[in-house]
Amino acid sequence: MILFLAGDVMTGRGVDQILPNPGDPTLWEDYVHDAGTYVELAEAAGGPIPRPVDPSWPWGDALSVLDRIRPAARIVNLETSITDGGEVAAGKGIHYRMHPANIDCLAVARPSMCTLANNHVLDFGRQGLADTITALSDAGIRSGGAGRDATHARGPVIIPLGADRRIVVFAAGTRSSGIPPDWAATRGLAGVHLLPDLSMPTAADLAADIRRVKHPGDIVVFTIHWGSNWGYRIPTEQMRFAHHLVEHGVDVVHGHSSHHPRPIEIHHGRLILYGCGDFIDDYEGIGGYGAYRADLRLMYLPSVDPYTGHLARLTVVPLQARRMRLHRASTSDTVWLRDLLDRLSRPYHTRIQLTDEDTLEAGPLEGGP
């Protein structure tokens, strides 16, 4: 069984402006006040962008990979609100939104589920969150990690596969990713599933939820927005938290928030992605942090044994963002990513190799756990 996992999908702001139905471009940032500026920056870096583009444009070459692989489920972190209303969240420097009429930009990739437990889904308040959930639902896209109350936000998303087989997705976020504490869903208030911490009691509480829901033969994915935007170090609390979940019923830990990929670990035969990096956004042409090569994006395609949940194989397809569109990465960039991820992942007993097809493959080091 092959899954498709990606990091942050941000189809708002500049991306929204090149789509067929751009919304109000007004921004409330310190230095940029019109979303069209981000289009101009991307064009200065990569060349002209036609307008309007087809809704499939931002996904670019990723769509042909998905058509060829045909994964059983497609799970992404949707890091934007989908609304043309709501109130701008006070105290935040950056706000993302996509006009609901551009929902085809998401639907074209046929995501099985979008996690909303992140630090941008309430950029336009609780009305913006409600609009987002409605837009996704109307397009036939499941969402999780945020909802009309704590029960709804915390509840799992069930992706049926037929023949009584299921993928069960739990979604959550942490304050370390920038989620404001007052965005947390409560008993009577909409919001995100915001974890209080990454302690062992919190992990045990989540594991109890998983035990109540997981049926024999289910594959459980835990998708989590955590950590800083930059840097490769994995805090000890993240590693312990991920290990505990894997040891108590989770088959894949899908981490995101960082603007670039972080180490990959195979723990007790199960996959942990500590940070998947950005996938779709309007960040081209923005200066700073160039050494991280955040223009390089990754498609994670784990093949999971449907009976045991063990990772059979992890294929990683490198892409590059250019003109707000994803293109297959060059061989030299793919080698650069291989060297980086192999160096980062070896302390976690995982090695990364280059395949004959200019993709990457992860596997356990000899002697690893």
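The numbering scheme is per chain: residues are counted from 1 as the chain's sequence reads. Selection of residues for local features in this predicted model requires a pLDDT of at least 70, selection of side-chain atom pairs for listing and counting requires 80 or more, and totals for whole chains, interfaces and linings are taken over all residues. By convention in this description, side-chain values take in all heavy atoms of the structure and omit both hydrogens and water.

A. Inspection of the overall build of the protein chain at higher detail. Elements are defined by DSSP. Helices are runs of H or I of four residues or more, strands are runs of E of two residues or more, and each kind is numbered from the N terminus. A count of helical and extended segments in the protein chain gives 9 helices and 20 strands. A compact globule built from 369 residues should have a C-alpha radius of gyration of about 21 Å, and the protein chain, at 19 Å, falls within 12% of that. The C-alpha extent of the protein chain, read off along each of the three principal axes, is 50 × 50 × 40 Å. Burial classes: relative accessible area under 20% of the type maximum marks a residue as buried, over 50% as exposed, and values in between as partly exposed (1.4 Å probe, protein chains only). Counting all 369 residues of the protein chain, 58% fall into the buried class. Contact definition: two residues touch when any of their heavy atoms are within 4.5 Å. Long-range contacts, defined as pairs at least 24 residues apart, comprise 69% of the intrachain contacts of the protein chain with a sequence gap of at least 6. Using a 1.4 Å probe, the Shrake-Rupley method yields the accessible areas, and only the shown protein chains count as cover for residues. Of the accessible surface of the protein chain, which amounts to about 14400 Å², a share of 50% is contributed by carbon and sulfur atoms. Neither His nor the chain ends is counted toward charge; the positive residues are Lys and Arg and the negative residues Asp and Glu. By convention, charge coordinates are those of NZ in Lys, CZ in Arg, CG in Asp, or CD in Glu. Across the protein chain, 34 positive and 43 negative side-chain charges occur, with their mean positions spaced 5 Å apart. Atoms considered for the radius of gyration are the C-alpha atoms alone. The globule rule reads 2.2 Å times the number of residues to the power 0.38.

B. Quick look at the sheet that holds strand β9 (residues 165–173). One open sheet holds the 6 strands; their spatial order is β8-β9-β11-β12-β14-β13, and the pairing between them is mixed. Pairing within the sheet leaves two strands with one partner each, and these edge strands are β8 (157–162) and β13 (264–267). Averaged over all neighbouring strand pairs, the angle between strand axes comes to 20°, with direction disregarded. In this scheme, strands are said to pair when DSSP sees at least two bridges between them. Across 4 bridges, the pairing between β13 and strand β14 (residues 270–273) is antiparallel. Following the sheet pairing, His-267 is matched in β14 by Arg-270. All axes are obtained by fitting lines to C-alpha atoms, using only the stretch in contact for helices, and the reported angles, taken between N-to-C directions, cover 0 to 180 degrees. Helix α8 (residues 236–247) rests against β11 (219–225), β12 (252–256), β13 and β14 of the sheet, and its axis sits at about 40° to β13.

C. The arrangement of the side chain of His-259 in detail. Tracing the sequence through the fold places His-259 in the loop between β12 and β13. Residue classification places His-259 among the buried positions, given a relative accessible area of 12%. Setting aside anything within four residues of it in sequence, one finds His-259 in contact with Asn-229, Trp-230, Gly-277, Asp-278, Tyr-283 and Ala-294.

D. Highlighting the pattern of salt bridges. By convention in these notes, a salt bridge is any Lys or Arg side-chain nitrogen within 4 Å of a carboxyl oxygen on Asp or Glu. A complete count under the given rule lists 18 salt bridges for this structure. Two residues, Asp-209 and Arg-154, come together in a salt bridge whose shortest N-O distance is 2.5 Å. Of the two residues, Asp-209 is situated in helix α7 (residues 200–213) and Arg-154 in helix α6 (residues 150–154); the sequence distance between them amounts to 55 residues. The salt bridge involving Asp-295 is made with Arg-293; its shortest N-O contact spans 2.9 Å. Salt bridges here are not isolated pairs; linked through shared partners, they connect Arg-154, Asp-205, Asp-209 and Arg-212.

E. Local environment of empty space enclosed by the protein. Think of a 1 Å grid over just the protein atoms. A cavity is a set of points where a 1.4 Å probe fits yet cannot get out, a pocket is an open set with protein on both sides within 12 Å along at least five of seven lines, and lining residues have an atom within 4 Å of a point. Grid points are joined across faces, edges and corners, and a volume is the space filled by probe spheres set on the points. Within this structure, the stated rule accounts for 2 cavities of 30 Å³ or more. If you trace the largest cavity, you find it lined by Pro-58, Phe-279, Ile-280, Asp-281, Glu-284, Arg-297, Ala-321, Met-324, Arg-325 and Leu-326. For the lining of the largest cavity, the secondary-structure elements that each account for two or more residues are β15 (278–280) and β18 (325–328). Looking at side-chain class alone, the lining of the largest cavity contains 6 nonpolar, no polar and 4 charged residues. Here the second largest cavity defines a volume of roughly 30 Å³. Around the second largest cavity, the lining residues are Phe-4, Trp-59, Leu-66, Arg-74, Val-76, Ala-109, Arg-110 and Pro-111. Put simply, Ala, Val, Leu, Ile, Met, Phe, Trp, Tyr, Cys and Pro go in the nonpolar bin, Asp, Glu, Lys and Arg in the charged bin, and everything else, Gly too, in the polar bin. Its residues assigned to classes, the lining of the second largest cavity comprises 6 nonpolar, no polar and 2 charged.

F. Broad picture of the packing of aromatic side chains. Pairing of aromatic side chains requires ring centres within 6.5 Å, counting the rings of Phe and Tyr and the six-membered ring of Trp. Pairs whose planes differ by under 30 degrees are stacked, by over 60 edge-to-face, and all others tilted. Tallying each qualifying case throughout the model produces 10 aromatic pairs. Ring plane angle 55° and centroid distance 5.2 Å describe the contact between Tyr-232 and Tyr-292, whose orientation is recorded as tilted. Taken as a pair, Tyr-232 in the loop between β11 and α8 and Tyr-292 in the loop between β15 and β16 (296–304) lie far apart in primary sequence, 60 residues in all. Assessed through its relative accessible area of 22%, Tyr-292 is described here as partly exposed. Ring geometry for Tyr-289 against Tyr-292: centres 6.3 Å apart, planes inclined by 45°, an arrangement best described as tilted. Directly above the aromatic system of Tyr-38 lies the positively charged group of Arg-13, at a separation of 3.6 Å from the ring centroid. A ring has a charge above it when a Lys NZ or an Arg CZ is no more than 6 Å from the ring centre and no more than 35 degrees off the ring normal.

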